[in-house]
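Read off the chains here:
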Amino acid sequence: MRRNARGATIALVFALQRAPAMRMTIVLSNNQPTVARWSGDAVIVATPLDAIVRLEHDEHVGTVVLAGTFAGNHELASFLDQFYPNVRIEREA
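Conventions used here
- Residues numbered from 1 in each chain as written.
- Predicted model: local features only at pLDDT ≥ 70, side-chain atom pairs only at ≥ 80, totals over all residues.
- Heavy atoms only, no water.
- Helix = DSSP H or I, 4+ residues; strand = E, 2+ residues; numbered from the N terminus.
- Buried < 20%, exposed > 50% of the residue type's maximum accessible area, 1.4 Å probe, protein only.
- Contact = heavy atoms within 4.5 Å.
- Salt bridge = Lys/Arg side-chain N within 4 Å of Asp/Glu carboxyl O.
- pLDDT = per-residue confidence, 0-100.
- Arc of directions from axis to C-beta.
- Polar contact = N/O pair within 3.5 Å; in protein donor to acceptor, adjacent residues only side chain to side chain.
- Pairing = 2+ DSSP bridges.
- Axes fitted to C-alpha atoms, helices over the stretch in contact; angles between N-to-C directions.

## A look at the overall build of the chain
Here comes step 1: Secondary structure summary: the chain contains four helices and four strands in total.
Here comes step 2: Expressed as a percentage of its 93 residues, the buried residues of the chain come to 30%.
Here comes step 3: Considering only contacts within the chain whose residues lie at least 6 apart along the sequence, 59% involve residues at least 24 apart.

Take a look at the structure:
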């Protein structure tokens, strides 16, 4: 089966849409042991505002982990979930 240039371009676009994108994790924590545990795997921020700035300016954020004193903040989790529905919000146990 021969494909013309248009068909090859469309196939490439579909392949790129199915390919998993690199998704960044943001860890919101002001707790030093938590920061040490996550330091190699994620971007660590210390305030909710820092997390929001990252969410607004980086389209590759897939997950926000609320850790340390932020893990129990239900209002913050609800806010992030409501305003960033494409981002998974998790709480560190």
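Okay, back to it.
## Side note on the pattern of salt bridges
Here comes step 1: Going through the model one piece at a time under the given rule, you end up with one salt bridge.
Here comes step 2: The salt bridge involving Arg-88 is made with Glu-90; its shortest N-O contact spans 2.6 Å.
Here comes step 3: Looking at Glu-90, the relative accessible area reads 33%, which means it is partly exposed.

## Observations concerning the environment of Val-45
Here comes step 1: Turning to its location among the elements, Val-45 is positioned in strand S2 (residues 43-45).
Here comes step 2: Along the backbone, Val-45 and Leu-28 are 17 residues apart, and their C-alpha atoms lie at a distance of 5.0 Å.
Here comes step 3: Residues contacting Val-45, with those up to four places away along its chain left out, are Ile-26, Val-27, Leu-28, Ser-29, Asp-50, Ala-51 and Arg-54.

## Side note on the confidence of the model for the chain
Here comes step 1: Predicted confidence across the chain gives a mean pLDDT of 77, with 66% of residues reaching 70 or more.
Here comes step 2: Of all the helices and strands in the chain, helix H1 (residues 5-18) carries the lowest mean pLDDT, 43, while helix H4 (residues 74-83) carries the highest, 96.
Here comes step 3: Counting contacts from residues 1-19, a segment whose pLDDT is below 50, to residues more than four positions away or on other chains yields two contacts.

## With respect to H4
Here comes step 1: Taken together, the buried positions of H4 are Leu-76, Ala-77 and Leu-80. The buried side chains of H4 occupy one side of the element, clustering within an arc of 100 degrees when seen end-on. Opposite the packed face of H4, turned more than 90 degrees from it, sit the exposed residues Glu-75, Gln-82 and Phe-83.
Here comes step 2: Check the buried side of H4 and you find it contacts strand S1 (24-28), helix H3 (48-57), strand S3 (61-66) and strand S4 (88-91).
Here comes step 3: Sitting at the head of H4, Asn-73 places a side-chain oxygen 3.3 Å from the backbone nitrogen of Glu-75.

## Regarding the sheet that holds S3
Here comes step 1: Spatial ordering of the open sheet is given by S2-S1-S3-S4, a layout of four strands whose pairing is parallel. Two strands close off the open sheet at either side, each with one partner strand: S2 and S4. Each adjacent strand pair in this sheet contributes to an overall mean axis angle of 25 degrees, direction not counted.
Here comes step 2: The sheet contact formed by S1 and S3 spans five bridges and is parallel. By the bridge assignment for S3, Ile-26 is matched with Val-64.
Here comes step 3: Sheet strands in contact with H3 are S1, S2 and S3, and its direction is about 165 degrees off that of S1.

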